[in-house]
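Letter by letter, the chains look like this.
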Amino acid sequence: MKMGFIAQLLKQSVVFIIYFLAVFCLPASPALARGVTLLTPDTACIVYARSPSYHFVVEVDTKEDMKQLQLQSGAESIMPLATRMKNDIFYVHYRVPLIPGENKFFLSPGSKKIVIDYKPLRTLLNANLNATGVYLYHRKETMHQECRQCHEVESVPEDFFVKPSPYGKNSPVCYTCHKAIFEETKWQHSPAANLLCETCHQQEKDVGRISVSIGKDASLCYHCHLVKGKAWGDMAHIHQPVGFGVCSICHNPHGDAYRFQLWADGRAELCVSCHVDKEDLLKKDTKGLNVHGIIRGGGCVSCHDPHASENQYMLYKPVNELCTGCHNELAGVTKGHPVGGHPLKGPKNPLNPKKEFNCASCHNPHGSKFQYLLIGDLLGGLVCSKCHH
Ligand code: HEC
Ligand code: HEC
Ligand code: HEC
Ligand code: HEC
Ligand code: HEC
Ligand code: HEC
Ligand code: HEC
Ligand code: HEC
Ligand code: HEC
Ligand code: HEC
């Protein structure tokens, strides 16, 4: 094409002039740096993200530079994910893995150093996105017009099925750049999987700036999970993170590796990530601790609702009903265990007058170093003498 040829010629002379300037007038700066530009992110910045990866897009102006292009992390070379050319400029894309803290990369030609301070994120509650140095791709001043040439698509590939939804309009325009959201997640959240991105991320009118809701996200969630919001809000016992409205501390709003879009197994691992005093219950070698059998099976959520309930400790049922739901030999029994005539229920636990007397007064529902999950040794009647002197 004629235009192409002229443009090529023009570019070559521009390149030559820059080369000339670089070699003869600016000996301090390496000549090779001329046509390699990192478009996104910044060469030194702070990145808050949930998934430990980020995209680098490098603009390369000449074939010679393209041949030598390398992105390195330590001794390792990172391979590009996609390279496309438009108007004789190459756009080289990388999906770069990040580790918490400082991440250093070298981009050559030019030996440009890139330093990313990665701060893993589970909720935006404590993230200061307005601090200096924080990089946000969709911020007005960081958006690149060049990207639109290829990414302003109006439809998604045919094999990617999107359901129209009563909740809002689908946004195929997000798809090509945010493919990783779909590729990396096993359990997907319906509105993200159906590209209803803009029901949660506002698309502002100027320059396509996209906002992330800051802090609490429950109102975002209750917008659709209306019934849950009403039900939980009215219950007597609400799990603290739910009461605070930080659903995303457990659920990834897009999807994640575990069922219900959780970032860890919601039956137990997720719980002990905060309740660290219960971590030992999940260890392979529990060192003399007898763990309640159900924790290895159904996990913490066999007994506790992760969100809210009418019962103390967010238990599904009052304690005795809960226990006898599985240990049904004692169902409905009010007296006679462990010894004839012994009550199983009472207003006050002699060991802790703030608690009622129930199955959990003698048995630790989680685990114990004694037989039958008891609070003391059965031998010598030591368990009895906890309450009876
Ligand atoms: C249900 C609400 C919701 C939907 C739908 C949603 N997001 Fe998000 N998104 C959030 C929230 C809340 C955050 C804040 C960070 C977090 O909790 O992960 C976020 C964070 C992000 C991030 C930052 C990623 C990271 O690793 O921290 C990206 C990128 C993103 N969203 C893109 C999208 C795209 C693209 C879509 C559509 C496919 C989408 N989102 C749909 C709620 C949503
Ligand atoms: C010359 C065309 C072109 C330009 C310009 C371009 N891209 Fe891309 N980009 C692509 C193609 C093609 C893909 C691969 C899409 C696919 O796999 O379906 C891609 C993929 C991506 C991805 C997804 C990578 C992944 O994880 O799958 C991101 C993010 C992205 N581009 C960001 C950008 C940004 C930011 C810019 C501007 C700085 C930009 N692109 C400029 C063509 C382009
Ligand atoms: C041209 C490519 C491109 C398009 C189109 C695009 N994004 Fe992004 N977006 C990015 C890149 C690059 C990042 C930085 C994260 C990364 O590199 O993985 C990002 C980050 C985000 C974030 C995290 C906050 C931020 O600003 O860094 C959100 C939220 C987000 N995108 C939502 C969306 C939504 C919603 C759409 C569709 C309306 C969309 N994006 C379309 C490239 C794109
Ligand atoms: C735009 C509407 C919408 C928003 C906003 C929304 N959801 Fe959903 N969510 C759905 C739909 C639709 C489903 C799939 C249908 C279903 O199973 O209830 C779903 C399913 C879920 C599921 C899995 C339910 C199951 O039984 O498998 C969880 C967990 C969930 N959402 C959590 C959240 C959280 C947390 C938020 C806020 C960050 C949120 N949702 C915001 C529409 C939404
Ligand atoms: C402490 C972690 C945690 C928090 C915080 C949390 N969830 Fe959940 N959520 C879970 C777990 C675990 C499950 C799976 C329960 C199960 O396996 O029975 C779940 C299941 C769900 C489900 C599907 C099951 C159902 O009850 O219908 C929805 C919807 C849901 N959560 C929404 C929310 C919303 C909305 C918020 C914020 C108000 C929230 N969650 C906060 C841990 C959490
Ligand atoms: C993000 C951190 C976090 C996660 C994850 C988490 N919790 Fe909690 N949980 C808390 C906080 C904070 C409290 C209130 C302070 C306290 O009692 O330790 C609490 C309190 C509790 C309580 C006591 C409630 C009361 O009334 O005293 C129970 C029971 C509980 N959590 C069970 C669970 C279960 C089961 C899971 C897993 C599904 C879980 N938690 C996951 C943070 C978390
Ligand atoms: C067999 C049912 C059951 C299972 C399974 C269970 N709990 Fe409990 N949990 C209870 C009962 C009952 C109480 C109240 C104990 C009491 O009254 O002293 C309780 C109390 C708690 C409390 C508040 C008091 C304390 O001990 O700190 C937390 C936190 C808690 N459980 C977390 C968990 C976690 C995390 C798991 C999973 C590792 C789990 N629970 C598994 C029944 C259960
Ligand atoms: C969801 C079902 C379930 C609930 C609820 C439940 N358990 Fe269990 N429990 C089990 C299972 C399963 C085992 C392991 C059985 C085995 O090892 O044979 C077990 C074992 C026990 C044992 C040890 C039995 C032995 O022979 O060593 C005791 C004691 C016990 N549970 C007491 C309780 C108490 C007290 C509660 C109420 C706080 C309770 N359980 C609630 C399922 C449950
Ligand atoms: C006063 C203390 C005490 C209370 C309250 C108590 N237990 Fe026990 N439990 C024991 C003792 C002691 C044993 C040891 C074995 C025995 O002597 O029968 C035991 C044994 C067990 C066992 C294992 C042996 C068997 O019989 O299978 C189960 C299961 C059990 N209890 C469940 C419960 C349930 C469910 C409740 C509440 C309805 C409860 N216990 C209330 C003291 C108590
Ligand atoms: C967590 C506290 C607790 C433990 C442990 C406990 N008890 Fe009790 N026991 C009570 C309460 C409460 C009562 C009813 C009020 C009272 O008489 O003090 C009671 C009552 C009794 C009674 C009188 C029953 C009746 O017929 O009136 C006997 C006998 C008894 N316990 C024996 C035992 C033996 C044996 C053990 C050990 C296997 C034991 N207790 C462990 C709290 C406990």
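Computed from a prediction, not measured in an experiment: that's the story for all the values here.

### Some thoughts on the overall build of the protein chain
On a plain count of helices and strands, the protein chain comes out with 13 helices and 15 strands. Going through the 389 residues of the protein chain one by one, you find that 15% of them count as buried. Here the contacts in the protein chain between residues at least 6 apart in sequence split such that 54% fall between residues at least 24 apart.

### Looking at the environment of Trp-187
Positionally, Trp-187 belongs in strand β10 (residues 187-188). Take Trp-187: there are 15 C-beta atoms within 10 Å of it, and that puts it in the partly exposed class. Linking Trp-187 and Leu-262, residues 75 residues apart in sequence, is a C-alpha distance of 8.3 Å. Beyond its immediate stretch of four places on either side in the chain, Trp-187 contacts Gly-255, Asp-256, Tyr-258, Arg-259, Phe-260 and Gln-261.

### Remarks on the site of ligand 4
Around ligand 4 there are 19 residues in total, and Tyr-167, Ser-190, Cys-221, Cys-224 and Cys-247 lie nearest to it. Listing elements by their share of the shell around ligand 4, those giving two or more residues are α5 (190-193) and α6 (218-222). Across the shell around ligand 4, the residue classes tally to ten nonpolar, eight polar and one charged.

### Description of the nonpolar core
By size, the foremost hydrophobic cluster in this structure holds 13 residues, and its most contacted members are Cys-247, Cys-271, Cys-300, Val-319 and Leu-322. Listed by contribution, the elements that provide at least two residues to this core are α9 (269-274) and α11 (319-326). The biggest single contributor to this core is α11, with three residues. Core analysis: the next-biggest nonpolar cluster, separate from the first, contains eleven residues, Val-58, Val-60, Leu-71 and Tyr-91 among them.

### Here we look at the environment of Pro-338
Within the secondary structure layout, Pro-338 lies in the loop between α11 and α12 (359-362). Exposure remark for Pro-338: the 12 C-beta atoms within 10 Å place this residue in the exposed category. For the pair Pro-338 and Cys-362, spaced 24 residues apart in sequence, the C-alpha separation works out to 9.9 Å.

### Here's the deal with the sheet that holds strand β6 (residues 82-86)
Two modes of strand pairing occur in sheets, parallel and antiparallel, and in both the strands are linked by backbone hydrogen bonds. Sheet architecture is open: four strands sit in the order β1-β3-β7-β6, paired in antiparallel fashion. The open sheet is flanked by β1 (36-40) and β6, the only strands paired with a single partner. Taken over all neighbouring pairs, the strand axes of this sheet differ in orientation by 25° on average, direction set aside.

### Topic: the site of ligand 10
Contacts to ligand 10 come from 18 residues, most closely from Gly-341, Ser-361, Cys-384, Lys-386 and Cys-387. Elements represented by at least two residues in the shell around ligand 10 include exactly α12 and α13 (382-385). Within the shell around ligand 10, the residues separate by chemical class into ten nonpolar, seven polar and one charged.

### Things to note about the sheet that holds strand β2 (residues 44-49)
The mixed open sheet is built from five strands, whose spatial order is β2-β9-β8-β4-β5. Either end of the sheet is taken by a strand with one partner, and the two such strands are β2 and β5 (76-78). On average, each strand axis in the sheet is inclined to that of its neighbour by 35°, with strand direction left out of account. The pairing of strand β4 (residues 70-73) with β5 spans three bridges and is antiparallel. Following the sheet pairing, Gln-72 is matched in β5 by Ser-77.

### Description of the confidence of the model for the protein chain
With 88% of its residues at a pLDDT of 70 or more, the protein chain shows a mean pLDDT of 87. Ignoring residues within four places in sequence, the model shows residues 1-33, a span with pLDDT below 50, making 21 contacts including any to other chains.

### Here's the deal with unusual backbone geometry
Cis rather than trans, the peptide bond between Ser-108 and Pro-109 has omega equal to 5°. Within the fold, Pro-109 resides in the loop between β8 (101-108) and β9 (112-120). The linkage connecting His-337 with the following residue, Pro-338, adopts the cis geometry, with an omega of 0°. Even without being a glycine, Met-314 presents a positive backbone phi close to 50°. Mapped onto the fold, Met-314 is located in the loop between β14 (308-309) and α11.

Quick notes on the rules
Residues numbered from 1 in each chain as written. Chains lettered and ligands numbered in written order. Predicted model: local features only at pLDDT ≥ 70, side-chain atom pairs only at ≥ 80, totals over all residues. Helix = DSSP H or I, 4+ residues; strand = E, 2+ residues; numbered from the N terminus. Buried ≥ 20, exposed ≤ 12 C-beta atoms within 10 Å, placed from the backbone. Contact = placed C-beta atoms within 7 Å. Near = placed C-beta within 6 Å. Nonpolar A, V, L, I, M, F, W, Y, C, P; charged D, E, K, R; others polar. Core = buried A, V, L, I, M, F, W, Y, C linked by C-beta atoms within 7 Å. Pairing = 2+ DSSP bridges. Axes fitted to C-alpha atoms, helices over the stretch in contact; angles between N-to-C directions. pLDDT = per-residue confidence, 0-100.

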